[in-house]
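Each chain, letter by letter, is given below.
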Amino acid sequence: MRALTWQAANKVAVEDVPDATIIDPTDVVLRITSTAICGSDLHLLDVLKPFMHKHDVMGHEPMGVVVAVGSEVRTLSEGNRVVIPFVIACGECYMCRRGLTSQCETTQNRDQNSGATLYGYTELYGRVPGGQAEYLRVPRADFNAIKVTSDLPDERYLFLSDILPTAWQGVHYAAVPDGGTLLVLGLGPVGQFAARIGAYRGYRVLGVDLVPERRALADRYGVETLDVTDDLSDRIRDLTDGRGPHSVIDAVGMEAHGNPLAAAAQAAAGVLPSAVGKKVAKTVGVDRLAALRTAIETVQRGGTVSLSGVYGGVADPMPMLTMFDKGIGMRMGQCNVHRWISDLWPLVEDPADPLGVTDLVTHHAQLEEAPAMYELFKNKEDGCIKVVLHP
């Protein structure tokens, strides 16, 4: 089958790979109909490259049609249309019963001291072939393949795989008080949905991004948008009675602009021999923290910072004095996708489309065009906000 694979730092290619097949009796195989490129995929090109292997199949936002069913699968049949959460979980362990599927004790990667296994996301998370491919093997399918019974288009459901529940969890973790103000840093796909969810819940929402097209899209949903400038923190305080917003979501993560030293350190780890690069990344790795520092600086005293952007550093310098002095609450983590599906399902099927799930994709492309789409998305060219591939 054809699939988008990692080749080397900043290089991906579409190539022939072994077919997805039933391995365990609880598996299904999916023919992919839509699969998205996520901002997290871009981390694999450089920052997380020490943990990638040539020919790894990428992608973790897929949906499609079941074409093969393992002998112990009970709820799915050939021909069923399904969307696939990016987290692979069992649904039965202590963590899953608490709704923490991203910490599933059955699929945890204990050899890496990491959480639940993810599709297409490095050896840290199981090195399972991802969904930017013609076909996908889905383990423990009764829990990890969510059946779609309507004939609504894929885009109504596709983002339930990752970015919509990630944004929903981010807003939930932000603990915005009724009638409060939410600041969203980064208006990429997750930030767009987080801002829309905040507005849907009745909060005042401020949104920050460097890219004019992203600010313009957020404007359509009642978000008060700001460009990134040297006086950004002062402007935010001016808009919030001098106190700052009640809550801040950092939807940017480890590759924020504004820290050339950390960027150089990230790049250096990637050019070292594989074993050395892994050691460096796991012991002295640092993130670019400009967005996180802005969140800590601008949130009002006693407020909450919610991290939806991915971080991977283990030696990040944090402003603990400021955090302690301001009494800041902080929540973060991989999204527990399965936990939020029941909350989001009525909204994605609502004819009014209150979260605008059909108003996010800027580029559709065939699988063979994926390398060019990665470049477009990474460089934020041609107004690119979200790419969906159709194998």
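Since the structure is predicted, the reported quantities are computational estimates derived from the model, not experimental observations. (Residues numbered from 1 in each chain as written. Predicted model: local features only at pLDDT ≥ 70, side-chain atom pairs only at ≥ 80, totals over all residues. Heavy atoms only, no water.)

1. So, the overall build of the chain
As a reminder, the rule being used: Numbering of helices and strands runs from the N terminus; a helix is a DSSP stretch of H or I covering at least four residues, while a strand is a stretch of E covering at least two. Computation of the radius of gyration draws on C-alpha atoms, with the globule rule given as 2.2 Å multiplied by the number of residues to the power 0.38. Three exposure classes are used, based on accessible area relative to the maximum for each residue type with a 1.4 Å probe and protein chains only: buried under 20%, partly exposed in between, and exposed over 50%. Contacts: residue pairs with any heavy atoms within 4.5 Å of one another. Using a 1.4 Å probe, the Shrake-Rupley method yields the accessible areas, and only the shown protein chains count as cover for residues.
Scanning the chain for helices and strands turns up 13 helices and 15 strands. In terms of C-alpha radius of gyration, the chain reaches 20 Å, essentially the compact-globule figure of 21 Å for 391 residues. Dimensions of the chain, computed from C-alpha atoms along their principal axes, come out at roughly 60 × 50 × 45 Å. When each of the 391 residues of the chain is scored for burial, the buried share is 57%. The long-range fraction of contacts in the chain, counting pairs at least 24 apart against all pairs at least 6 apart in sequence, stands at 72%. As displayed, the chain has an accessible area near 15800 Å², and 51% of this comes from carbon and sulfur atoms.

2. Things to note about the sheet that holds strand E13 (residues 329–332)
As a reminder of what qualifies: Pairing between strands requires that DSSP locate at least two bridges from one strand to the other. Fitted lines through C-alpha atoms give the axes, limited to the stretch in contact for helices. The angle between two N-to-C directions lies from 0 to 180 degrees.
Here we have six strands laid out as an open sheet, ordered E10-E9-E8-E11-E12-E13, and parallel in their pairing. The sheet is open, and its two borders are formed by strand E10 (224–226) and E13, each paired with just one other strand. Sheet twist, expressed as the mean angle between neighbouring strand axes with direction ignored, is 20 degrees. Against the sheet, helix H4 (residues 163–174) engages strand E8 (181–185), strand E11 (247–250), strand E12 (304–307) and E13, with an angle of about 160 degrees to E12. Sitting on the sheet, helix H5 (residues 189–200) is in contact with E8, strand E9 (204–208) and E11, with an inclination near 170 degrees to E8.

3. A word on the environment of Pro 165
Turning to its location among the elements, Pro 165 is positioned in helix H4. For the pair Pro 165 and Val 190, spaced 25 residues apart in sequence, the C-alpha separation works out to 9.0 Å. Leave out the neighbours within four places in its chain, and Pro 165 touches Phe 159, Leu 160, Cys 335, Val 337, Trp 340 and Leu 344.

4. A few points about the pairing of E12
Alternating positions in E12 separate into two faces, Thr 304 and Ser 306 on one and Val 305 and Leu 307 on the other, with burial throughout. Two strands pair when backbone bridges link them, and E11 and E12 are joined in this way by four bridges, in the parallel orientation. Note that in E12 the partner of Asp 250 across the bridge is Leu 307.

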